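Letter by letter, the chains look like this.
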Amino acid sequence: MEEFRRSYSRLCKESGAEPQESVLQRLHELPRGRLDLATQSLTVDTCRALGKLLQSEALLTELVLSDCMLSEEGATLLLQGLCTNTVLRFLDLKGNNLRAAGAKALGRLLRQNKSIQSLTLEWNNLGTWEDAFATFCRALAGNSTLQQLDLRNNQVSHKGAEELALVLKSHPSLQQLDLRWNNIGLLGGRALANCLPSNRTLWRLELAGNSVPSDILRAVEQAMDHNQDREATLRENRARTRVLSKEVRHLQEEKSKQFLDLMETIDKQREEMARSSRTTAARVGQLQEALNERHSAINALKAKLQMAEAALALSEQKAQDLGELLATAKQEQQSLVQKQAKERRLEQQEAVERESKLLRDLSAANEKNLLLRNQVDELERKVKSQQDQLFLTRQELTNTSAELKMRAMQAEERLELEKKRSRQSLEDSEQLRFKEVEHMTRHLEESERAMQERVQRLEAVRLSLEEELSRAKAAVLSERGQAEGELIKAKNQVRLEEQQRLAHLEEKLRLLAQARDEAHGACLQQRQTAAEAQARASQLGLQAEGLRRRLEELQQELSNKDQEKVAEVTRVRVELQEQNGRLQAELTAQEALKEKVAALERQLKVIASDHREALLDRESEISSLREKLRLKEAEVARIRDEEAQRASFLQNAVLAYVQGSPLRALSPQK
């Protein structure tokens with residue numbers, strides 16, 4: 001708005017005039033998008049500057065110029081600037097004493113401007129000059145965007161009312177017209193009442209303070225009520241059609257989303273199965289390698305043990321030989337002692353030498369005995385170290401069995417998590433289905449309740465209309481011939497409108513049928529995808545069966561190798577048998593996973609059948625709603641016929657009353 005104020009000041013200075021301080025103050029205080037200059041006395045220079053600014057102003061949507069004491073020239077300049085504006089929606093020119101020039105300027109504005117929706121012209125004198133007002137009315141007839149027009153206190157005569165009646169017969173957008181406190185009179189009111197049956201958009205017409213008879217006012221009010229009911233019915237039909245289309249799209253999106261989620265769950269479970277089978281195969285390979293390594297280690301230990309036993313037997317043989325040598329040495333010593341005793345006296349010197357020699361031999365034998373004992377101790381230490389190695393080997397075997405047990409527990413935990421995940425997915429799908437059924441049930445109940453209330457209201461209106469129709473029939477039996485002719489015309493017109501509406505509704509129904517066919521095609525594609533998923537699941541089952549057979553062959557080989565083991569590694573064989581049992585448990589877990597996949601496939605089939613049944617139910621509901629819509633349209637057409645007949649009766653009654661009244665002689669001919 002600051003830019004607007006600067007532009008206003010600049011244009012005023014360019015034209016040689018000073019900008020008005022009050023206008024500048026208002027421009028500084030106004031909110032964005034609204035220009036309020038009410039009660040400001042605008043000069044011609046100000047009007048010229050504002051007209052130039054409003055030609056291209058793209059921010060103002062509301063302009064208030066009430067009680068501004070505009071001159072003919074100033075109003076013409078302002079309205080000329082608004083002719084090229086494309087964003088203004090509301091224009092208020094109340095209390096500016098606009099006359100012939102103002103009416104012509106307004107006519108030019110209505111012909112050129114296609115954005116103004118509300119125009120307030122209260123407290124002006126547009127109706128005083130009939131030619132200028134007729135120009136204004138012709139311009140109004142060519143405008144297709146104006147929805148609200150306020151002409152209160154404009155001195156509009158019955159001639160101006162007749163011009164307005166010609167405009168209202170075919171105006172496509174005007175919805176509210178205020179003509180209070182003018183000079184319309186009986187003839188103007190009759191002209192306006194006669195034009196209303198052919199108008200379908202006007203739903204508010206104010207005629208108070210115009211000396212219009214009460215029966216004409218009632219006829220105008222009834223026509224306005226009829227237009228309001230027609231507009232409400234059309235809006236309700238459009239809203240219901242939108243709601244139905246939204247529901248159909250929502251159902252299609254929900255079904256596709258559920259199917260995609262289910263397929264993603266199945267793919268994830270298949271990936272988990274493939275991953276678990278790969279990890280199982282890798283684990284079996286690792287266990288086989290570890291078993292082979294253990295076999296090789298045990299064989300090496302066996303060889304070392306045999307070598308130690310051979311060395312021990314050799315050392316024992318050596319000790320036995322040394323013992324025999326010692327025994328023979330003792331025997332020789334005894335024989336020598338006996339020989340010395342016999343020969344002591346004879347050869348004492350030789351005995352001493354022989355004794356010393358024997359002592360030296362004995363010391364050497366003792367040294368040999370000590371060496372043999374040291375060798376025996378060393379062999380015992382070697383045996384003890386080999387026993388320690390055997391103990392370490394057994395401890396490694398126990399650690400391996402504990403690790404295998406831990407892996408089995410991890411596999412069981414992962415299997416339990418998989419079960420929980422599948423159970424949670426089943427519960428989620430059940431909750432989604434339950435929510436969808438509850439939502440559709442609640443929506444159907446609300447729509448049924450709204451339809452019942454609408455039927456009750458229409459029934460009440462029908463009863464009141466029948467009562468009024470019976471009274472009107474009793475009053476106008478003498479005018480039946482003329483009424484029947486006009487009734488035939490009205491029926492033809494209504495039938496034409498109904499045919500157009502029926503063609504429009506048939507087009508909508510065709511579009512809905514096309515959308516249903518597309519949904520059916522998508523459902524077929526989903527079935528085909530489910531069949532492909534089942535084929536992939538069967539292939540995975542065959543692969544799992546092949547793996548299971550391979551695992552059985554490996555188990556057979558392991559059992560054959562276990563039979564070839566020696567008695568010394570019985571404990572190792574027992575542990576290997578326990579390990580095989582755990583592998584069998586993992587195989588059973590894999591078979592359980594396969595059964596779970598089969599259960600999920602069965603659930604997929606059940607869900608697909610449920611979706612197909614839900615789709616059939618929706619189609620039956622749509623057909624029933626179409627039948628209800630057709631019945632309601634027939635009822636609305638019947639009510640329209642009755643209303644048209646009643647309106648023609650009332651019109652004939654009014655004409656008969658006017659023609660038979662004494663005022664007819666005094667009123668001029670139309």
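Each value, and the rule that gives it
- Residues numbered from 1 in each chain as written.
- Predicted model: local features only at pLDDT ≥ 70, side-chain atom pairs only at ≥ 80, totals over all residues.
- Heavy atoms only, no water.
- UniProt positions renumbered as here; feature names shortened; annotations may be inferred.
- Helix = DSSP H or I, 4+ residues; strand = E, 2+ residues; numbered from the N terminus.
- Rg over C-alpha atoms; globule rule 2.2 N^0.38 Å.
- Buried < 20%, exposed > 50% of the residue type's maximum accessible area, 1.4 Å probe, protein only.
- Areas by Shrake-Rupley, 256 points an atom, 1.4 Å probe, with all protein chains shown as cover.
- Phe/Tyr/Trp six-rings, centres within 6.5 Å; stacked < 30°, edge-to-face > 60°.
- Pairing = 2+ DSSP bridges.
- Axes fitted to C-alpha atoms, helices over the stretch in contact; angles between N-to-C directions.
- Contact = heavy atoms within 4.5 Å.
- Polar contact = N/O pair within 3.5 Å; in protein donor to acceptor, adjacent residues only side chain to side chain.
- Salt bridge = Lys/Arg side-chain N within 4 Å of Asp/Glu carboxyl O.
- Parallel < 35°, antiparallel > 145°, perpendicular 65-115°, else oblique.
- Nonpolar A, V, L, I, M, F, W, Y, C, P; charged D, E, K, R; others polar.
- Core = buried A, V, L, I, M, F, W, Y, C linked by side-chain atoms within 4.5 Å.
- Patch = residues over 30% accessible without salt bridge, like charges linked within 9 Å, V, L, I, M, F, W, Y side chains within 5 Å.
- Lys, Arg positive; Asp, Glu negative; His and termini not counted.
- Charge placed at Lys NZ, Arg CZ, Asp CG, Glu CD.
- Arc of directions from axis to C-beta.
- Left-handed = near helix turned anticlockwise from the far one by under 90°.
- Disulfide = S-S within 2.5 Å.

The name recorded for the chain in an unreviewed UniProt entry is Leucine rich repeat containing 45, from Rousettus aegyptiacus. Per its UniProt entry, the chain bears the Subcellular location (unreviewed entry) comment "Cytoplasm, Cytoskeleton, Microtubule organizing center, Centrosome".

What am I meant to see in the overall build of the chain here?
A count of helical and extended segments in the chain gives 13 helices and seven strands. A globule of 670 residues ought to have a C-alpha radius of gyration of about 26 Å, yet the chain, at 56 Å, is considerably larger. Out of the 670 residues belonging to the chain, those deemed buried represent 35%. About 40,200 Å² of surface is accessible on the chain, with carbon and sulfur atoms providing 53% of the total.

How should I be thinking about the environment of Glu396 in this particular structure?
Note on placement: Glu396 falls in helix H10 (residues 348-475). Note on Glu396: relative accessible area 40%, which makes it partly exposed. Taking the C-alpha atoms as reference points, Glu396 and Leu558, 162 residues apart in sequence, are found 20 Å from one another.

Looking at this structure, how should I read the packing of aromatic side chains?
The geometry of two aromatic rings is summed up by the distance between their centres and the angle between their planes. Inspection of the entire model under this criterion finds one aromatic pair. Ring geometry for Phe133 against Phe136: centres 5.8 Å apart, planes inclined by 35°, an arrangement best described as tilted. Here Phe133 pairs with Phe136, and both are found in helix H6 (residues 130-141), just three residues apart, close to one helical turn. Here Phe133 matches Phe136 in class, with each residue buried.

What should I look at first to understand the sheet that holds strand S7 (residues 204-206) in this one?
By way of backbone hydrogen bonds, the strands of a sheet pair with one another, either parallel or antiparallel. Pairing is parallel in the open sheet, where seven strands are placed in the order S1-S2-S3-S4-S5-S6-S7. Edge positions in the sheet fall to strand S1 (34-36) and S7, since each has one partner strand and no second. Strand-to-strand twist across the sheet, computed as the mean angle between neighbouring axes with direction ignored, equals 0°. Note: strand S3 (residues 90-92) against strand S4 (residues 118-120), three bridges, orientation parallel. Looking at S4, one finds that Leu91 is bridged to Leu119.

Explanation requested: the environment of Asn97 in the structure shown.
Mapping Asn97 onto the fold places it in the loop between S3 and helix H5 (100-112). Residue class for Asn97 comes out partly exposed when judged on its relative accessible area of 37%. Between the C-alpha atom of Asn97 and that of Ser71, which follows or precedes it by 26 residues, the distance is 8.2 Å. Once residues within four sequence positions are removed from consideration, Asn97 is found in contact with Glu72, Trp123, Asn124 and Asn125. Here Asn125 takes part through its side chain, which lies 2.4 Å from a polar atom of the side chain of Asn97.

So what exactly am I meant to see when it comes to unusual backbone geometry here?
With a phi close to 55°, Met69 is a non-glycine residue in the positive phi region. Topologically, Met69 is positioned in the loop between strand S2 (62-64) and helix H4 (72-82). By relative accessible area, which is 63% here, Met69 ends up exposed. Non-glycine residue Asn97 carries a positive phi angle of around 55°.

For this particular structure, what's the right way to read the pattern of salt bridges?
Any two side chains of opposite charge can pair if their charged atoms end up close together. Within this structure, the stated rule accounts for 18 salt bridges. Measuring nitrogen to oxygen at the nearest pair gives 2.6 Å for the salt bridge that ties Arg6 to Glu3. Pair noted here: Arg6 and Glu3 are both in helix H1 (residues 2-14), with a separation of three residues, about one helical turn. Overall, Arg6 belongs to the partly exposed group, its relative accessible area being 45%.

I tried to follow the packing of helix H3 (residues 44-56) against H4 on my own but got confused; where do I start?
Relative placement of two packed helices is described by the angle separating their axes and the distance separating the axes. Interhelical geometry of H3 versus H4 gives an angle of 5° and a closest axis separation of 7 Å. Here H4 runs roughly parallel to H3, going by the angle between their axes. Contacts between H3 and H4 involve Val44, Cys47, Arg48, Leu50, Gly51, Leu54 and Gln55 from the first element and Glu73, Gly74, Leu77, Leu78, Gly81 and Leu82 from the second. Broken down by class, the residue content of the contact of H3 with H4 amounts to seven nonpolar, four polar and two charged.

Help me out: how do you make sense of the nonpolar core in this one?
Within soluble globular proteins, side chains that are nonpolar tend to cluster in buried spots. One finds Leu91, Leu149 and Leu151 to be the most contacted residues of the largest nonpolar core, which totals 69 residues. Counting residues per element, this core draws most heavily on H6, at six residues. Those residues within four positions of Leu151 in sequence are excluded, and the remaining contacts are Leu121, Leu126, Phe133, Phe136, Leu164, Leu177, Asp178, Leu179, Arg180 and Asn182. The next biggest cluster of nonpolar side chains, apart from the first, holds seven residues, and it includes Val284, Leu287, Leu551 and Leu583.

Whenever I open this one, a positive patch on the surface confuses me. Can you help?
Residues Arg238, Arg242, Lys246 and Arg249 make up a contiguous surface patch of positive charge. The residue Arg242 is located in helix H9 (residues 214-343) in this model. For Arg242, a relative accessible area of 46% gives the class partly exposed.

Help me out: how do you make sense of H4 in this one?
Each turn of an α-helix holds 3.6 residues, which means side chains three or four residues apart point in the same direction. Looking at H4, one finds that the buried residues are Gly74, Ala75, Leu78, Leu79, Gly81 and Leu82. Summarising the axial view, the buried residues of H4 lie within an arc of 155°, below the 170-degree limit, and thus occupy one face. On the buried face of H4, the contacting elements are H3, S2, S3 and H5.

So what exactly am I meant to see when it comes to a negative patch on the surface here?
A grouping of Asp261, Glu264, Asp267 and Glu271 is seen on the molecular surface, where their side chains present a negatively charged patch. Within the element layout of this structure, Glu271 appears in helix H9. Take Glu271: its relative accessible area is 47%, and that puts it in the partly exposed class.

Please explain H3 as it appears in this structure.
By the burial criterion, the buried members of H3 are Thr46, Cys47, Ala49, Leu50, Gly51, Leu53 and Leu54. The inward-facing, buried residues of H3 contact H1, helix H2 (21-29), S2 and H4.

Just to check I follow, could you spell out the packing of H1 against H3 for this structure?
The interhelical angle for the contact between H1 and H3, taken along N-to-C directions, is 130°, at an axis separation of 9 Å. With respect to H3, the axis of H1 lies oblique. Remark: the crossing between H1 and H3 carries right-handed chirality. Facing H1, whose interface residues are Phe4, Ser7, Tyr8, Leu11 and Cys12, H3 presents Thr46, Ala49, Leu50, Lys52 and Leu53.

I'm lost on the state of the cysteines in this one. Help?
Chemically, a disulfide is nothing more than a covalent bond linking the sulfur atoms of two cysteines. Evaluation of the coordinates by the stated rule reveals zero disulfides. No disulfide involves Cys12; its nearest neighbouring cysteine sulfur is the one of Cys47, lying 10 Å away. With no disulfide of its own, Cys195 has Cys137 as its nearest cysteine by sulfur position, at a separation of 11 Å. Since its relative accessible area comes to 0%, Cys195 is described here as buried.

Any chance you could explain the side chain of Asn96 here in plain terms?
The residue Asn96 is located in the loop between S3 and H5 in this model. For Asn96, a relative accessible area of 1% puts it in the buried group. One polar contact links the side chain of Asn96 to the main-chain carbonyl oxygen of Leu65, over a distance of 2.8 Å. A distance of 3.3 Å separates the side chain of Asn96 from the backbone oxygen of Lys94, its partner in a polar contact.

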